[in-house]
Amino acid sequence: MANPIRLKAINGLKLDDTFTYQRTFTKEDTLLFGDMTRDYNPVHYDGRWTDEKRFKGVICHGLLIGSMICEFGGQVGWLATGMNFKFIRPVYFGDTIQCTVTITKIEEGGRAEATALFTNRDKKQVGCVQMTGRLPMKKEKEILKAMTQEGDPTNQLAAEHYPLM
């Protein structure tokens with residue numbers, strides 16, 4: 001069985017389609033992200049710094065949280081053309097963040113816009129992003145369908161791995 005987000009893309013995405021999923025962020029996630037991006041801002045590593053900034057502790061990288069949109073994009077075959085992030089509240093190690101992506105515009109030829117909202121366990125918004133991109137067209141949807149019929153072996157978010165909400 002394929003990931004439900006991917007199945008929706010195969011069947012055709014529509015205006016106001018909404019997708020929700022969550023992730024818990026760890027210290028290890030932040031350390032790996034910092035190494036990959038070379039972002040060693042002390043706010044992610046040093047309690048003295050975060051004390052001075054009046055945070056409760058070191059915080060996750062904003063773009064690490066924002067990268068949750070990649071799960072949506074990767075499942076539907078969204079080709080990103082633009083992103084505008086806003087970071088509102090800090091995310092700490094161990095926080096679980098819910099990402100809700102809503103398709104807000106679809107044009108002829110597959111150009112599209114979407115909004116993603118990031119909320120914490122307390123239902124407080126921690127960030128958002130406005131996205132532009134291209135949705136998969138007929139041939140691409142056929143390829144996605146073939147991939148799922150083959151068991152979608154390169155997709156670690158296939159149904160047997162995917163925690164449905």
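Just so we're clear, the structure is a prediction, and the values are computed from it rather than from any experiment.

Draft legend 1. Highlighting the overall build of the protein. A tally of regular secondary structure across the protein gives 6 helices and 5 strands. Per-residue burial for the protein yields a buried fraction of 39% across its 165 residues. Summing over all exposed atoms, the protein offers an accessible surface of approximately 10,000 Å²; the carbon and sulfur share of this is 53%. Considering the protein, the positive charge centre built from 22 side chains and the negative charge centre built from 20 side chains are found 4 Å apart.

Draft legend 2. Molecular detail of the packing of helix α1 (residues 4-11) against helix α5 (residues 69-76). At a minimum axis distance of 8 Å, the contact between α1 and α5 shows a crossing angle of 45°. By the angle between their axes, α1 is oblique relative to α5. As α1 runs across α5, the sense of the crossing is right-handed. Across the interface between the two elements, I5, R6 and A9 from α1 touch F72, G74, Q75 and V76 from α5.

Draft legend 3. Examining the side chain of N155 more closely. Within the fold, N155 resides in the segment after α6 (138-149). Side chain to side chain, N155 and Q75 meet in a polar contact 2.9 Å long. A polar contact of 2.9 Å, which involves the side chain of N155, links it to the backbone nitrogen of L157. Not counting the four nearest positions on each side in its chain, N155 is found in contact with N3, R6 and Q75.

Draft legend 4. Geometry of the pattern of salt bridges. One pass over the full model with this rule turns up 6 salt bridges. With its nearest N and O atoms 2.8 Å apart, the salt bridge here joins R6 to D152. Of the two residues, R6 is situated in helix α1 and D152 in the segment after α6; the sequence distance between them amounts to 146 residues. The exposure classification of R6 matches that of D152, with both residues buried. We note a salt bridge from R48 to D46, for which the minimum N-O separation is 2.7 Å. We classify D46 as partly exposed; its relative accessible area is 22%. Each of K105, E107 and E113 takes part in a single network of salt bridges with overlapping partners.

Here is what the cut-offs are and how they apply
- Residues numbered from 1 in each chain as written.
- Predicted model: local features only at pLDDT ≥ 70, side-chain atom pairs only at ≥ 80, totals over all residues.
- Heavy atoms only, no water.
- Helix = DSSP H or I, 4+ residues; strand = E, 2+ residues; numbered from the N terminus.
- Buried < 20%, exposed > 50% of the residue type's maximum accessible area, 1.4 Å probe, protein only.
- Areas by Shrake-Rupley, 256 points an atom, 1.4 Å probe, with all protein chains shown as cover.
- Lys, Arg positive; Asp, Glu negative; His and termini not counted.
- Charge placed at Lys NZ, Arg CZ, Asp CG, Glu CD.
- Axes fitted to C-alpha atoms, helices over the stretch in contact; angles between N-to-C directions.
- Parallel < 35°, antiparallel > 145°, perpendicular 65-115°, else oblique.
- Left-handed = near helix turned anticlockwise from the far one by under 90°.
- Contact = heavy atoms within 4.5 Å.
- Polar contact = N/O pair within 3.5 Å; in protein donor to acceptor, adjacent residues only side chain to side chain.
- Salt bridge = Lys/Arg side-chain N within 4 Å of Asp/Glu carboxyl O.

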